[in-house]
Amino acid sequence: MKGILGLFLALAILVIIPAVDLAFAAGDEPGEYLDRRVIIWNLFFRMMTIAFVVGAVVSGTIIWQVWRFRESHPKAKPTPYEGTDW
Amino acid sequence: MSGHSNWPEWIYVAVVIALMCWVGAEAWNAERLVEHVPEGAEIIKVTGQQWFWTFEHEDGTKEIGELHVEVGKAYKFEIHSKDVIHSFNIHDYVVLMDAVPGRVTTVWFAPTDAGTHDIQCREYCGLIHYNMRGTLIVEDPST
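Quantities reported herein were computed from a predicted structural model and do not represent experimental measurements.

How each quantity is defined
- Residues numbered from 1 in each chain as written.
- Chains lettered and ligands numbered in written order.
- Predicted model: local features only at pLDDT ≥ 70, side-chain atom pairs only at ≥ 80, totals over all residues.
- Contact = placed C-beta atoms within 7 Å.
- Helix = DSSP H or I, 4+ residues; strand = E, 2+ residues; numbered from the N terminus.
- Nonpolar A, V, L, I, M, F, W, Y, C, P; charged D, E, K, R; others polar.
- Pairing = 2+ DSSP bridges.
- Axes fitted to C-alpha atoms, helices over the stretch in contact; angles between N-to-C directions.
- Expected span 1.5 Å × (residues − 1).
- Buried ≥ 20, exposed ≤ 12 C-beta atoms within 10 Å, placed from the backbone.
- Parallel < 35°, antiparallel > 145°, perpendicular 65-115°, else oblique.

## A short note on the interface of chain A and chain B
Here's step 1: At the junction of the two partners, chain A supplies 23 residues and chain B supplies 22 residues.
Here's step 2: Counting only elements with at least two residues in the side of chain A that touches chain B, the list comes to α1 (2-24) and α2 (36-68) of chain A.
Here's step 3: Considering each element in turn, the side of chain A that touches chain B owes the most residues, 12 residues, to α2 of chain A.
Here's step 4: Grouping the amino acids of the side of chain A that touches chain B by side-chain chemistry returns 16 nonpolar, 2 polar and 5 charged.

## Observations regarding the sheet that holds strand β9 (residues 115-121) of chain B
Residues and elements named next belong to chain B.
Here's step 1: In spatial order, the strands read β4-β10-β9-β6-β7; together these 5 strands make up an open sheet with mixed pairing. Taken across any chain shown, the strands that pair with only one partner, and hence form the sheet edges, are β4 (66-70) and β7 (95-99). For this sheet the average axis-to-axis angle between neighbouring strands, irrespective of direction, equals 20°.
Here's step 2: Sheet topology places strand β6 (residues 86-90) next to β7; 5 bridges connect them, and they run antiparallel. Residue asparagine 89 lies in a different strand from β7, and its bridge partner there is leucine 96.

## Notes on α2 of chain A
Here's step 1: For α2 of chain A, with 33 residues, the first-to-last C-alpha span of 47 Å sits near the 48 Å given by 1.5 Å per residue.
Here's step 2: Summarising burial for α2 of chain A: 1 of the 33 residues are buried, a small minority.

## What to know about the sheet that holds strand β1 (residues 42-49) of chain B
To summarise the sheet geometry, strands pair through backbone hydrogen bonds and adopt either a parallel or an antiparallel arrangement.
All names here are of chain B.
Here's step 1: Judged by pairing direction, the sheet is mixed, and its 5 strands sit side by side in the order β3-β2-β1-β5-β8 without closing on themselves. Since the sheet does not close on itself, it has two edges, and those belong to β3 (62-64) and β8 (105-109), each with one partner. Averaged over all pairs of adjacent strands, the angle between strand axes in this sheet comes to 25°, irrespective of strand direction.
Here's step 2: In terms of strand pairing, strand β2 (residues 52-56) meets β3 through 3 bridges, oriented antiparallel. Paired with phenylalanine 55 across the two strands is glutamate 63, which belongs to β3.

## A closer look at unusual backbone geometry
Residues and elements named next belong to chain B.
Here's step 1: The linkage connecting glutamine 50 with the following residue, tryptophan 51, adopts the cis geometry, with an omega of -5°.
Here's step 2: By the element assignment, tryptophan 51 lies in the loop between β1 and β2.
Here's step 3: A positive phi angle, close to 50°, is found at valine 94, a residue other than glycine.
Here's step 4: Tracing the backbone through its elements, the reader meets valine 94 in the loop between β6 and β7.

## What about the packing of α2 of chain A against helix α1 (residues 7-35) of chain B?
Here's step 1: Contact geometry of α2 of chain A with α1 of chain B gives a least axis separation of 10 Å together with a crossing angle of 170°. Looking at the two axes, α2 of chain A sits roughly antiparallel to α1 of chain B. On α1 of chain B, the residues touching Arg36, Ile39, Ile40, Leu43, Arg46, Met47, Ile50, Val53, Val54, Val57 and Thr61 of chain A of α2 of chain A are Tyr12, Val15, Leu19, Trp22, Val23, Glu26, Ala27, Ala30, Leu33 and Val34 of chain B.
Here's step 2: Per-class residue counts for the contact of α2 of chain A with α1 of chain B are 17 nonpolar, 1 polar and 3 charged.

So this is what it looks like as structure tokens:
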């Protein structure tokens, strides 16, 4: 339970609060205009973060699978498809 | 098979879906913010033609190759083309919008500091495309 609360707290701090802040920051008054450079570059850096996270998750999973399911792994077991002549 | 579990796969799928939702939400929000033109933005009619830019302010003032604006005001560009497709770009302010014959495209910005910046065509539009440039001159407020 504490773990889930922590997860929601982390998500709120990382994603929800900045998004709500930005949503209310769309100024119509002189001096409060949004700077499109800031928005666009922020989006770019966030997308880079996501891209690297996806890259890390995908490549990390593949590397782990290759490492874990190699024939020489101490816990390697033959699958039924490979027969019992190991 | 004993001891088999699908949980890792489901967690993997959930992580990927969550990341895609995040990407979509962030991009949607940024686009919404960038496309929201502030009320009271001054409209500047921008016309691209081979191979120069002309600008017409709300009060009828016309400029060729140069555009004078003021710090702290918001400007909405209505972009036209007289011949082929051009692309109106103020690199320093991340303003970029195609000028398409027969259509009016719009983009807005609000300059923050006085200075001069390059305006450049960003869509190959013929022989002298490379020199289809202009100058944005941002001045301090007059009032």
